[in-house]
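Reading the structure
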Amino acid sequence: MRIPRRINSLLLNLLTWSLVLAISFPLIWMVVTSVRPQTELFKIPPTLIPHTITFEHYAKLLWHTPFLRYFANSMLLATSTTIVVVAIGTLGAYSLVRFSYRGREMLAGLILFTYLLPSAVLLIPLYLMMVKLGIANTLASLVIAYTTFSLPYALWLLRSFMAGVPEDLESAALVDGASRIGAFADVILPQVLPGIISTALFTFILAWNEYLYALVMVNADDVRPLTTGVMNMLITSFNIEWSLLMAASVMMSIPLIVIFAFLQSYLTRGFGAGGVKG
């Protein structure tokens, strides 16, 4: 019996690593292309390991293009959207779980229905609304737009985390003299912190990678985020600067990799907390 078990384990490991390699190969090729000289890009047959490694594409990207401005715009946009969505979503989820009022379940169902709608449905109405408000072509318009399709998801996710907190904990705090706000801040928030961090992480990624709204609602170059700025900067009708594009893709991935590296434990705990029924 030992031999078949070892063979099964070996086959399972081979299959797993084959899948990992297949999934990660585009990322590996992106990094390799970003440090490959321009003369080797279209070499036939192509090679995985470049003969010469150069970082001139990164230097050109950082010092001779508006990449850093686009990067700052995306960071401000994603951070602002995350703060707004998490703040409103936390309070809204607490209301849906702890308070009893007419139409609560219908409201929760409408939130889910809104999340299921394609985000492109709201594109034209939101653009017209931003023009009427006089904030078109600004980062504020994108923050509002991103909130419209991020908030329903955050509310629904945080609602499950809130439901996993025993109501007796909050009742005990209220009996001891804490106010409703005090009990929420001292008892509820620490319990749902993994869920809040998980929701914030997904919201940040969604805002960081969003392309369609940024393409339609922002035309001024000084407020473009990375997704549209890099495409507008490096891709033209006559030429695509592949090395610079791959270098920009690597730089765009670094913040997400850093966030995952530091918040992975919170993300795992958040998934576990969301599966608990209160």
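Regarding its fold elements, the protein chain presents 12 helices and 0 strands. Along the protein chain, helices (α) and strands (β) appear in the sequence α-α-α-α-α-α-α-α-α-α-α-α when read from the amino end. In terms of principal-axis extent, the alpha carbons of the protein chain reach across some 75 × 75 × 30 Å. Within the protein chain, counting contacts between residues at least 6 apart in sequence, those at least 24 apart form 72% of the total. Only carbon and sulfur atoms are counted for the fraction: they give 71% of the accessible area of the protein chain, which is about 16300 Å². Within the protein chain, the 12 negative side-chain charges are centred at a point lying 10 Å from the centre of the 16 positive side-chain charges.

Of all residues in the protein chain, 93% have pLDDT values of 70 or greater, and the mean over the chain is 83. Per-residue pLDDT, averaged within each element of the protein chain, yields its smallest value for helix α12 (residues 242-274) (76) and its largest for helix α3 (residues 67-98) (92). Confidence drops under a pLDDT of 50 for residues 273-278, and excluding neighbours within four residues, the segment shows 8 contacts in the predicted structure.

For the rest of this paragraph, the subject is the nonpolar core. Among the nonpolar cores identified, the biggest contains 40 residues, and L61, F67, L142, Y146, Y213, M217 and V230 are the most heavily contacted of them. Looking at this core, the elements with two or more residues in it are α2 (56-63), α3, α5 (123-133), α6 (139-163), α9 (193-209), α10 (212-217), α11 (226-234) and α12. Sorting elements by how many residues they give to this core places α12 first, with 9 residues. L142 has contacts with L77, Y213, A214, M217, V218 and P225, leaving out every residue within four places of it along the chain.

Now for unusual backbone geometry. Although it is not a glycine, N137 adopts a positive phi angle of roughly 60°. Summarising the element assignment, N137 is placed in the loop between α5 and α6. Among the residues examined, N137 registers a relative accessible area of 30% and is labelled partly exposed.

This part takes up the side chain of T147. By secondary structure assignment, the location of T147 is in helix α6. Each residue touching T147, except ones within four places of it in the same chain, is listed here: T81, V84, V85 and P152.

As a further point, take α5. Buried within α5 we find L123, L126 and M130. End-on, the buried residues of α5 take up no more than an arc of 70°, which puts them together on one face. For α5, the exposed residues lying more than 90 degrees away from the buried face are I124, L128 and K132. Two residues or fewer after α5 comes G134, characterised by a positive phi angle close to 80°.

Moving on to the packing of aromatic side chains. This structure, assessed with the given rule, holds 10 aromatic pairs. Aromatic pair F55 and Y58: ring centres 6.2 Å apart, planes at 45°, arrangement tilted. Of the residues examined, F55 reaches a relative accessible area of 54% and is grouped as exposed. For Y58, a relative accessible area of 14% gives the class buried. On the basis of an interplanar angle of 15° and a centroid distance of 5.7 Å, the ring pair of F204 and W208 is categorised as stacked.

Attention shifts here to the pattern of salt bridges. The full count for this structure, using the stated rule, is 2 salt bridges. In this structure, R69 and D221 form a salt bridge, with 2.9 Å as the shortest nitrogen-oxygen distance. Residue R69 is found in helix α3, and its partner D221 is found in the loop between α10 and α11; the two are separated by 152 residues along the sequence. R224 is paired through a salt bridge with D221; the nearest N and O atoms lie 3.3 Å apart. Three or more residues joined by partner-sharing salt bridges are found here, namely R69, D221 and R224.

Taken together, the side chains of I124, Y127, L128, V131, Y211, L212, L215, V216 and M231 make up a nonpolar region of the molecular surface, amounting to roughly 750 Å² of accessible area. Within the residue set of the nonpolar patch, elements represented by two or more residues are α5 and α10. Tallying contributions element by element places α5 first for the nonpolar patch, with 4 residues. A relative accessible area of 35% means that L212 is categorised as partly exposed.

Calculation notes
Residues numbered from 1 in each chain as written. Predicted model: local features only at pLDDT ≥ 70, side-chain atom pairs only at ≥ 80, totals over all residues. Heavy atoms only, no water. Helix = DSSP H or I, 4+ residues; strand = E, 2+ residues; numbered from the N terminus. Contact = heavy atoms within 4.5 Å. Areas by Shrake-Rupley, 256 points an atom, 1.4 Å probe, with all protein chains shown as cover. Lys, Arg positive; Asp, Glu negative; His and termini not counted. Charge placed at Lys NZ, Arg CZ, Asp CG, Glu CD. pLDDT = per-residue confidence, 0-100. Core = buried A, V, L, I, M, F, W, Y, C linked by side-chain atoms within 4.5 Å. Buried < 20%, exposed > 50% of the residue type's maximum accessible area, 1.4 Å probe, protein only. Arc of directions from axis to C-beta. Phe/Tyr/Trp six-rings, centres within 6.5 Å; stacked < 30°, edge-to-face > 60°. Salt bridge = Lys/Arg side-chain N within 4 Å of Asp/Glu carboxyl O. Patch = residues over 30% accessible without salt bridge, like charges linked within 9 Å, V, L, I, M, F, W, Y side chains within 5 Å.

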